[in-house]
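# Summary of structural features
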Amino acid sequence: MKLNFPENFWWGAATSGPQSEGRFKKAHANVFDYWYNIEPEKFHHQVGPDTASNFYNNYQEDIRLMKEIGLNSVRTSIQWTRLIDDFEAGTVNAEAAAFYNRVIDEFIKNGIRPVMNLHHFDLPIELYQQYGGWESKHVGELFVKFAEKCFELFSDRVVDWFTFNEPMVIVEGEYLHQFHYPNLVDGPKAVQVAYNLQLASAKVVRKFRQTNRTPKGKIGIILNLTPPYPASNSAEDLAASEYADMWLNQFFMMASTKGHFPEKLMNIFREDGVMFDASAEEYTIIKENLVDYLGLNYYHPHRVKAPEISPKSLTIDWMPDNYYDEYEMPGRRMNVDKGWEIYPKAVYDIAMDVKNNYGNIEWFVSENGMGVSREERYLNASGMIEDNYRIQFIQEHLYWLHRAIDEGANCFGYHLWTPIDCWSWGNAYRNRYGFISNDIHTQTRTIKKSGHWFAEVSKQNGVEIGKELLQQIDPKK
């Protein structure tokens, strides 16, 4: 069965500056650079971001390989800590600007559309130490200065821009679940930080429309939009699912596309005494500066149930996830290496949610992927990793994405995480996600079986799915 995709569909992959470039010639440290400096034992095998996948020195060869595997678009990010010398003044580091110009030109020369994100979890450590990072609205103003310089320098060639990657992960990692520095557990601060991130995003959208250098330019935000499936149809589980959806998905989604936050969630914040500090002027900025389109990341579903203890009776500190518990569905299919459930149909459910509840705004799958450890287990005699599991994973997700497009979803692309195995925060290189393997000791790249396969998918603008796999994916077919 051949599934054909719309004309000019984006077949690509995503990475980020801090996960690919390395710290070469970078004047400032971000929160992960700093965390590695002070606690290297927190990182898998004590591998930090100093070299990453050496994109800073190897970008020409890397981009050539990306072209070879059929990528027509690639998302990466511009590092605030590399581009800007003085954060308050917004002054540009000339060597960094020259590097990003070379990278952008190299992408274009190879027929690859450069898609630029402005923030991928890499807050400058100085701005956390001086102001409390995203707890401060002043840091949001400094972020706008950085974004303005990016638009001035690069928007003559880069037409696709995104403000933040997964702002909810910034909130969760830094302020709730302790997997991003500063590893705090503070529910009220988390709510304020979420608001400050949305405000900063809207201000960057406004600045883009003032300074963008090409009429083709668009700007959006990248969200990890995941449906929270209830454990049952009981009123309690449905209420837990509704709350989880408002907090995890609707908070940023509504504000970015409709200009307001979910009112029911705001009422809960007010009742619980954790409503964020905001002004009428700020609400107007959010209302008037909506995104042009979206990137939506999807890896695994949320499954939730009513909390064991009513949040109103808890004596512990307030947390936004007191209103639901995670639920491990019996018989779920798992990626045992990462510990994530594999549920491709969620892509269809996300697409229908966007179509039915958010004006069918344009969007693309900005990340999807499968992290697998010790991929050398799958080396064949010629030295290629035969990652058939990744090919099947992509096929299954593309099936449900194609079905959604057939039913009117306004999706224009699919990006895998990631083109080349990259450094992955605290996990370092424990799990690999790329189309292209990277020996971190020699920095030798080798295209995996999935990379050769994806080149054909891109060339054909479609994917073949055999009858046996089709029956597994969608038994009703």
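Criteria and thresholds
- Residues numbered from 1 in each chain as written.
- Predicted model: local features only at pLDDT ≥ 70, side-chain atom pairs only at ≥ 80, totals over all residues.
- Heavy atoms only, no water.
- Helix = DSSP H or I, 4+ residues; strand = E, 2+ residues; numbered from the N terminus.
- Polar contact = N/O pair within 3.5 Å; in protein donor to acceptor, adjacent residues only side chain to side chain.
- Contact = heavy atoms within 4.5 Å.
- Salt bridge = Lys/Arg side-chain N within 4 Å of Asp/Glu carboxyl O.
- Buried < 20%, exposed > 50% of the residue type's maximum accessible area, 1.4 Å probe, protein only.
- Pairing = 2+ DSSP bridges.
- Axes fitted to C-alpha atoms, helices over the stretch in contact; angles between N-to-C directions.

## Overview of the side chain of Ser155
Looking at the secondary structure, you find Ser155 in the loop between α7 (137-154) and β7 (160-165). In terms of polar contacts, Ser155 uses its side chain to reach the backbone amide nitrogen of Arg213, at 3.0 Å. With sequence-adjacent residues up to four places away left out, Ser155 is seen in contact with Cys150, Trp161, Thr211, Asn212, Arg213 and Thr214.

## Here we look at the pattern of salt bridges
Using the criterion set out here, one finds 37 salt bridges in the structure. The residue Arg333 makes a salt bridge to Glu396 at a minimum N-O spacing of 2.7 Å. With a gap of 63 residues between them, Arg333 in the loop between β12 (325-326) and β13 (334-335) and Glu396 in helix α14 (residues 388-406) connect regions that are remote in the sequence. On the basis of relative accessible area, Arg333 is assigned to the partly exposed category, the value being 38%. In this structure, Asp421 and Arg432 form a salt bridge, with 3.2 Å as the shortest nitrogen-oxygen distance. Pair noted here: Asp421 is in the loop between β17 (411-417) and β18 (431-432) and Arg432 is in strand β18, with a separation of eleven residues, a long-range link. Both residues of the pair, Asp421 and Arg432, count as buried.

## Description of the sheet that holds β12
Taken together, the three strands give an open sheet; going across it, the order is β9-β11-β12, and neighbouring strands pair in mixed fashion. Of all strands in the sheet, those with a lone pairing partner are β9 (228-230) and β12, marking the two edges. Direction of pairing for β9 relative to strand β11 (residues 302-305): parallel, over a ladder of three bridges. For Pro230, the partnering residue across the bridge sits in β11 and is Val304. In the packing of helix α10 (residues 235-257) onto the sheet, the strands contacted are β9 and β11, and the crossing angle to β9 comes to about 175 degrees.

## Points about the sheet that holds strand β6 (residues 113-117)
A barrel is described by the order of its strands in space; here eight strands give the closed sequence β2-β3-β6-β7-β8-β10-β15-β17, paired in parallel fashion. Each strand axis lies, on average, 25 degrees off the axis of its neighbour in the sheet, ignoring direction. Across the sheet, helix α5 (residues 94-109) is in contact with β3 (73-77) and β6; its angle to β6 comes to roughly 140 degrees. Seen against the sheet, α7 touches β7 and β8 (218-223) and runs at an angle of roughly 160 degrees to β7.

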